[in-house]
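Spelled out from the first residue to the last, the chains are:
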Amino acid sequence: MTEQQRTALVTGAGRGIGAEIARRLASDGFNIAAIDLDKAGLDALTSELTAAGHRAIGIVADISDEAAVEAAVARTADEVGPPVVVVNNAGIIRDNLLFKMAVSDWDLVMNVHLRGSFLVARAAQKHMVEAKWGRIINLSSTSALGNRGQANYSAAKAGLQGFTKTLSLELGPFGVTANAIAPGFIETEMTASTAARMGVSFEDFTAKAAAAIPVRRTGKPADIANAVSFFASENAGFVSGQVLYVAGGPKA
Ligand code: NAP
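If you're wondering where the values come from, they're calculated on a predicted model, not measured in any experiment. By convention here, each chain's residues receive numbers from 1 onward along its written sequence. Under the rules for a predicted model, residues below a pLDDT of 70 receive no local features and side-chain atom pairs below 80 are neither given nor counted, while totals for whole chains, interfaces and linings still include all residues. Side-chain metrics rest on all non-hydrogen atoms present in the structure, leaving aside hydrogens and water.

Q: Even after reading the chapter, I still don't get the site of the ligand, so can you show me in this structure?
A: Taken together, 29 residues form the shell around the ligand, and within it Arg15, Asp36, Asn89, Tyr153 and Thr188 come nearest. Counted as a polar contact is a pair of N or O atoms within 3.5 Å, where, for protein atoms, one must be capable of donating a hydrogen and the other of accepting one, and residues adjacent in sequence contribute only when both atoms are in side chains. Arg15 has a polar side-chain atom sitting 2.7 Å from an oxygen atom of the ligand. Method for areas: the Shrake-Rupley scheme with a 1.4 Å probe, in which residue coverage is limited to the protein chains shown. Calculation on the ligand without its partners gives an accessible area of 900 Å², and the protein chains cover 91% of this total. Secondary structure is summarised from DSSP: a helix means a run of H or I of at least four residues, a strand means a run of E of at least two, and numbering begins at the N terminus for each. Elements that contribute at least two residues to the shell around the ligand include exactly α1 (16–27), α4 (103–131), α5 (151–171) and α6 (189–198). The dominant element in the shell around the ligand, judged by the number of residues it contributes, is α6, at 3 residues. Note that Gly is not counted as nonpolar here; it falls among the polar residues with everything else outside the nonpolar set of Ala, Val, Leu, Ile, Met, Phe, Trp, Tyr, Cys and Pro and the charged set of Asp, Glu, Lys and Arg. Classifying every residue of the shell around the ligand by side-chain character gives 13 nonpolar, 10 polar and 6 charged. In this structure, the shell around the ligand is formed jointly by two domains, domain 1 (3–184 + 220–246) and domain 2 (187–218), each of which donates at least three residues. If a single non-hydrogen atom of a residue is within 4 Å of a molecule or strand, that residue counts as near it. What marks off one domain from the next here is an automatic or database domain assignment.

Q: Explanation requested: the domain arrangement of the chain in the structure shown.
A: Accessible area lost on assembly of the parts is the figure often given for the size of an interface. According to the domain assignment, the chain contains domain 1 (3–184 + 220–246) and domain 2 (187–218). Between the C-alpha centres of domain 1 and domain 2 the distance comes to 24 Å. Residue contacts are defined here by distance: any two heavy atoms, one from each residue, within 4.5 Å place the two residues in contact. Counting from both sides, the interface comprises 11 residues of domain 1 and, opposite them, 9 residues of domain 2. Joining two parts hides part of their accessible area as seen by a 1.4 Å probe, and the buried area is that hidden amount summed over both. Across the domain 1 to domain 2 interface the summed buried area is about 740 Å²; carbon plus sulfur atoms make up 52%. The largest contributions to the domain 1 side of the interface with domain 2 come from Arg15, Ile93 and Lys220, which together make up 53% of the buried area. Salt bridge, as applied in this entry: a Lys or Arg side-chain nitrogen positioned within 4 Å of an Asp or Glu carboxyl oxygen. Across the domain 1-domain 2 interface, the total number found is 4 salt bridges.

Here is the structure:
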């Protein structure tokens, strides 16, 4: 099987980092199944990709819903080919200090990041094992190291690192690698919403963040897509169970 015929499934691809990952993997030669809650974002992405000559479908699904994930993976296999690359990118934040954090905000963050990544990886692994080749790439975060106001998110992102290492042990014998990428500050609607919540302009927010980052800039979605492209490639076949911090320094 050539890389041209392989299919990559990317969650949270309706915008931001996920959309850029989908663009990059399409230009690397993968067919794309893009999953998101937001149909408009998926429609814009798939129109762009198909206009550029790529094979791509958008599937509206909540990745924390078991039946929806099973159906999305089955539809991917039927319409664009078995998903042998999975990028667990969909994510949300519900920040608050511990003493003010609602149980519903804890559960929501766990369900999207951890339950969602588990469900997608579990549904797709059978296609990878069958193909004797696969790549699972999970989006962690520098917040996994601890971040004030993110008890839920940092726990989920640290959990994804353990999840990744375990998948690399279980699936390695079948030609499947699993790696995690831990982004630092990336300019997307997620970081824009944090700035808005804190009552500062996005420009001031990014400038302040950049000053604290060793390379003196904030990240762009393409910085993460470049790392995903490597982990998804043939050349990364001996790299598994790793966490790559893409943060302009050892930690943002
Ligand atoms: P974003 O702009 O908020 O995009 C996230 C996408 O995920 C949205 O399109 C969202 O759809 C979708 N999504 C949320 N819940 C979902 C669900 N249950 N099922 C399906 N799709 C769902 O975020 P981003 O900045 O691109 O972040 C992408 C990933 O990188 C996340 O895992 C995030 O935690 C991680 N990350 C980001 C940064 C950063 O600085 N931006 C840093 C470290 C890690 P809706 O809009 O419809 O909800």
